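Chain and residue survey
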Amino acid sequence: MQLWMSVKLPPQKELITSEELMAHLGDCILSIQPQENSEALQLNFQQNVNDAMTVLPKLSTGLDVNVRFTGVADFEYTPECIVFDLLNIPLYHGWLVDPQSSEVVQAVGKLSYNQLVEKIITCKHSSDPNQVTEGLLAEQFLESSAAQLTYHGLCELMAAVKEGELSVFFRNNHFSTLIKHKGHLYLLVTDQGFLQEEKVIWESLHNVEGDSCFCDSDFHLTQHLEKEASFSSPQQLQQRQVDQDYMIALSLQQQQQGALPMSDLELARQLQKEEYQQQAPAQAPPQSPQQARPQTSGRPSRQQKNDCVLL
C-alpha cells in the first residue's frame, strides 16, 4: 500500500496519460530496495526489476497471464507476474474447479489454462478411452465456465481478499481493480458508458451471471443500473464492447504503422463519440459489408474508459 501512496499527481489534475502513468510506476519499481543483502538475492532482485521494466510498457495494452484452476491466486509464474510481486499488488481470479466434482478435478488437475487446452487436444486423438473421457470432461468444464468465474471461485475469492484491500482481478481476459468493503466485493467501474455518471464508481461482484449493482464512491446503491438494463439487452452490450475493442485495436495499429498517434484526450473523445452513435442507432447511417466490424471472443460485456489496463 505504501507503494501506491508514493505515486503523487499534481493537484486538480483531471487527466493522466498512459505515458505519465507508466513513468510513475517505473519510478516506484526503481525505488524498491531488496530486503536481503546476500549477493545471490541481490542479483535475482535486479533481474526481476529488469524484467518488470521490460514488461511495463505492455500495461497500456494488456498482459498475458495464465491461470491455474487450483486457487484464486494461482497463476503460472511469468515475467508479467513480476510487476505485481514487486509492487506488492495481489492478483486474483475466480476460475476454479468445484472440489465436489471429483472427476473434473482429476481431469483438470494442477494444469494451467494453456496446458489444459493442450491436454484436451491430445486426449481427443488418443486411443485410450480413459484419456478421451478426461479430455471431454476438461472441455466441458471450460465451456460451462466460459465467463471465467465459478461459484466456488467466488466463495474462495471472498475468503481470500482482505477487508479494504485493493487488488487486481482477472476475468474475461481483462484486469479490474477489486476491493472488499464491509464483507462485499466490488469492481471499479471503467466503462465508457459511465464516463459522465459521477455516482457510478463501483460495481458489485456477488454472482457469476453478471447481475450486479452499481454504487457511488461511498458504496451507496445507485439506480443507474435499472435505467441501463431497460434500454440495453445483453446482445447490445456485447456488441458495444466489440465496437470499443475494435477502435482501440485500430488506433494501436495506426500508431505501429507510423500514422500520427492520437493523444489520450483525442482517443477518449473519439470513443465517446462512438458511444453516442451506438446509443442512437436510428440516426446512424446503415453500414456496408466493408464497414462491418469483426466479432471477437473472450471479452467482457463492458467498455473501458481508456486503454490502460491496471488503473
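The paragraphs below set out a description of the structure included in this document. (Residues numbered from 1 in each chain as written. Predicted model: local features only at pLDDT ≥ 70, side-chain atom pairs only at ≥ 80, totals over all residues. Heavy atoms only, no water.)

1. Some remarks on the overall build of the protein chain
A count of helices and strands for the protein chain gives 11 helices and six strands. Of all 311 residues assigned to the protein chain, the portion counted as buried reaches 39%. Counted over contacts in the protein chain with a minimum sequence separation of 6, partners at least 24 positions apart contribute 59%. As displayed, the protein chain has an accessible area near 18,700 Å², and 52% of this comes from carbon and sulfur atoms. (Helix = DSSP H or I, 4+ residues; strand = E, 2+ residues; numbered from the N terminus. Buried < 20%, exposed > 50% of the residue type's maximum accessible area, 1.4 Å probe, protein only. Contact = heavy atoms within 4.5 Å. Areas by Shrake-Rupley, 256 points an atom, 1.4 Å probe, with all protein chains shown as cover.)

2. Some details on the environment of Phe214
With respect to the secondary-structure elements, Phe214 resides in strand 6 (residues 214–215). Spatially, the C-alpha atoms of Phe214 and Ile201 are 7.2 Å apart, while their sequence positions differ by 13 residues.

3. Focus: the sheet that holds strand 3 (residues 174–181)
In space, the six strands of this open sheet follow the order 1-2-3-4-5-6, with mixed pairing throughout. Looking at strand neighbours, the two that pair on one side only are strand 1 (91–93) and strand 6, the edges of this open sheet. (Pairing = 2+ DSSP bridges.)

4. Some words on the pattern of salt bridges
In this structure the tally under the stated criterion is three salt bridges. Between Glu80 and Lys58 there is a salt bridge whose closest N-O contact spans 3.6 Å. Separated by 22 residues along the polypeptide, Glu80 in helix 4 (residues 79–86) and Lys58 in the loop between helix 3 (39–55) and helix 4 bring together distant segments of the chain. For Lys58, a relative accessible area of 38% puts it in the partly exposed group. The closest approach of N and O atoms between Lys119 and Glu134, which form a salt bridge, is 2.9 Å. Linking Lys119 in helix 6 (residues 113–124) with Glu134 in helix 7 (residues 129–144), this pair joins segments that are 15 residues apart in sequence. (Salt bridge = Lys/Arg side-chain N within 4 Å of Asp/Glu carboxyl O.)

5. Quick word on helix 6
In a regular helix each residue adds 1.5 Å, so 12 residues correspond to 16 Å; helix 6 covers 17 Å between its end C-alpha atoms and thus fits that length. Of the positions making up helix 6, those classed as buried are Leu116, Ile120 and Cys123. Relative to the axis of helix 6, the buried residues are bounded by an arc of 75° and lie together on one face. For helix 6, the exposed residues set more than 90 degrees away from the buried face come down to Glu118 and Thr122. (Expected span 1.5 Å × (residues − 1). Arc of directions from axis to C-beta.)

6. Notes on helix 4
Helix 4 sits mainly inside the fold: six of its eight residues count as buried. All of the buried residues in helix 4 are Glu80, Cys81, Ile82, Val83, Phe84 and Leu86. Looking one or two places after helix 4, you find Asn88, whose phi comes out positive at around 60°.

7. Regarding the side chain of Asp216
Tracing the chain through its elements places Asp216 in the loop between strand 6 and helix 9 (224–231). Despite its burial, Asp216 remains without a salt bridge, the nearest opposite charge being carried by Lys199 at 6.9 Å. Within the structure, Asp216 has its side chain in polar contact with the backbone nitrogen of His220 (distance 2.8 Å). Those residues in contact with Asp216 that lie beyond four places of it in its chain are Lys199, Ile201 and Trp202. (Lys, Arg positive; Asp, Glu negative; His and termini not counted. Polar contact = N/O pair within 3.5 Å; in protein donor to acceptor, adjacent residues only side chain to side chain.)

8. Observations regarding the nonpolar core
Ranked by internal contacts, the top residues of the largest apolar core, which has 39 residues, are Phe69, Leu86, Leu87, Phe141 and Phe175. Taken together, the elements giving at least two residues each to this core come down to helix 2 (18–31), helix 3, helix 4, helix 5 (102–108), helix 6, helix 7 and strand 2 (166–171). Val161, Phe169, Leu185 and Leu187 belong to the second-largest nonpolar core, a separate cluster that totals 13 residues. (Core = buried A, V, L, I, M, F, W, Y, C linked by side-chain atoms within 4.5 Å.)

9. A look at the pairing of strand 4 (residues 184–188)
Remember that side chains alternate between the two faces of the sheet whenever the strand is regular. When strand 3 meets strand 4, the two strands line up antiparallel, connected through four bridges. Across the sheet, Ile179 pairs through a bridge with Tyr186, a residue of strand 4. In sequence, strand 3 turns back onto strand 4 through a hairpin of two residues, with Lys182 there showing a positive phi of about 50°. Relative to strand 5 (residues 202–204), strand 4 is paired through three bridges, and the arrangement is antiparallel. Pairing of Leu187 across the sheet is with Glu203, part of strand 5.

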